Amino acid sequence: MFEKKENIKFKKGLVICAPSPDQLTTISVSTAKIINAMLQDGWEIDIISCEDRKAKIDDTFVQLMRGATLYKVKCPFNKPSLWVFTAFGMASSIIRRKNYNLLFSISPYSWTNIVGFLLKKIYKHKLPWVVFFGDPWGNNPDLKLAPLRKVMERSVLLSCDAICYCNSKLRDWAFSQFSKERVVLERKTFIIPYFYDLRLYGESAKLKSDGKIIIRHFGQIPVGGYILHLLKAISIMFRDEPSLKNKVFFDLIGRANPHYKGSVSRLIKKLDLAKQVNFNYDDSKVIHIPYSESLGLMKTADALLLLGVHPDYFHGWGNVILHVKLIDYFGADKPIFALAGKDSVTNDLLKDGVSICTSNDPYAIRDALIAFINKMPKPAVLTRERFAKKVVYSQWSRVFKQVIVNE
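Before going into details, it helps to say that this report is about the structure given with it. (Residues numbered from 1 in each chain as written. Predicted model: local features only at pLDDT ≥ 70, side-chain atom pairs only at ≥ 80, totals over all residues. Heavy atoms only, no water.)

### Section: helix α15 (residues 389–405)
Argument step 1. For α15, spanning 17 residues, the distance from its first C-alpha to its last is 24 Å, which sits close to the expected 24 Å at 1.5 Å a residue.
Argument step 2. All of the buried residues in α15 are K389, V392, Y393, Q395, W396, S397, V399, F400, Q402, V403 and I404. (Helix = DSSP H or I, 4+ residues; strand = E, 2+ residues; numbered from the N terminus. Expected span 1.5 Å × (residues − 1). Buried < 20%, exposed > 50% of the residue type's maximum accessible area, 1.4 Å probe, protein only.)

### Examining the nonpolar core
Argument step 1. Core analysis: the biggest nonpolar cluster contains 106 residues, and F104, V130 and W396 have the highest contact counts within it.
Argument step 2. Not counting residues within four places of it along the chain, the set of residues in contact with V130 comprises L102, L103, F104, S105, A162, C164, W396, V399, F400 and V403.
Argument step 3. Judged by nonpolar contacts, the second largest core, of 36 residues, contains L252, A303, L339 and V354. (Core = buried A, V, L, I, M, F, W, Y, C linked by side-chain atoms within 4.5 Å. Contact = heavy atoms within 4.5 Å.)

### Notes on the sheet that holds strand β6 (residues 162–165)
Argument step 1. If you walk across this open sheet you meet the seven strands as β3-β2-β1-β4-β5-β6-β7, and the pairing is parallel. Of all the strands in the sheet, just β3 (69–73) and β7 (189–191) have a single pairing partner and so form its edges. Each strand of the sheet is rotated relative to its neighbour by a mean of 20°, with strand direction disregarded.
Argument step 2. Inspection of the sheet shows strand β1 (residues 12–17) paired to strand β4 (residues 102–106) by five bridges, in the parallel sense. What sits directly across from I16, in β4, is S105. (Pairing = 2+ DSSP bridges. Axes fitted to C-alpha atoms, helices over the stretch in contact; angles between N-to-C directions.)

### Some points on the pattern of salt bridges
Argument step 1. Tallied over the full model, the rule gives 19 salt bridges.
Argument step 2. Two residues, R182 and D172, come together in a salt bridge whose shortest N-O distance is 2.7 Å. Pair noted here: R182 is in helix α7 (residues 182–186) and D172 is in helix α6 (residues 168–175), with a separation of ten residues, a long-range link.
Argument step 3. With relative accessibility at 24%, the residue R182 sits in the partly exposed group.
Argument step 4. Exposure remark for D172: the relative accessible area of 30% places this residue in the partly exposed category.
Argument step 5. For R182, the salt bridge identified is with E186, shortest N-O distance 2.7 Å. Taken as a pair, R182 and E186 lie in helix α7 at a separation of four residues, close to a single helical turn.
Argument step 6. When salt bridges with common partners are traced through the structure, they connect R171, D172, R182 and E186 into a single cluster. (Salt bridge = Lys/Arg side-chain N within 4 Å of Asp/Glu carboxyl O.)

Structural data, given as structure tokens:
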């Protein structure tokens, strides 16, 4: 519990994040929103991030960060490990000229926290440091050099003043590596999820006239195979319920992970689903839809589709992920159908007996999908409200105040 503290006399924060929060990436969605909320809360924000001249800039993210100063630092030879030193040099130069009272490093690019660690070693008690993790780090089975990453993660966790995870399963996953330090770490650990901002969705769209139920998926289709099982289930559903063929339309906006090697598009063609499933982008192309446009498309859909990472892939890594797009789905206030593991964060949030299927059996998915289409339940109001900007940012504000007044 937080103690009642006096207000912060001044609010000047240095944020370390990568990729740059003005880029059109999934990571930038949450980063830009947090920075915007801090600016509205009276913070003066300087941001140090990674320069990528090939990256597509998103106008919504640019607007969200209006008022902050963004320093894009080059990444020598495109090596994140070398960016640590250029970013550290830039940060040190700025800190010598300005008087900050908060250092805030945001992953999942773990090198941002190494920059924070180096700065903390120099400025120690003069610069309270908050770290935020959205994905696994040291024991992420998708990354190399696990022993070295574990050492780095331990150093970061012990050195910072506050640790924030986007969900409790991710915290437990991370702390499973550090049983001896867990009690110490938990004392300064907070669970703060991503949030949606209703201002960004625009006005509600007019109802469609064609009468079809449009179910949309956004973003990269992750590894693990749920998409292939879903397509088979859709084919079986249309075979067993022919009336649904002209009633339901699936719109997949994004691309499949390169792991699929074109198999998604091939399966759609093989199952003769081209008229019922729109998917023109596989691993050979990347579709870039402005963030504001994606939110508008969420609002015009009848339901939204989320595909998780199968628990058999990466040893259950997918179970500890809180999908950023799921939070935006909540903001769109539409029915959500998901495929995810029974122990996943997604299942915990949508577990109403209709909105999620934890099986990869096409027949089980068919049954769950038909039940969902017949009922179209929206997520519970209490669940949705947990991720509203006002509710979530109040948690960030308390953490910032706590670490500053304790210095």
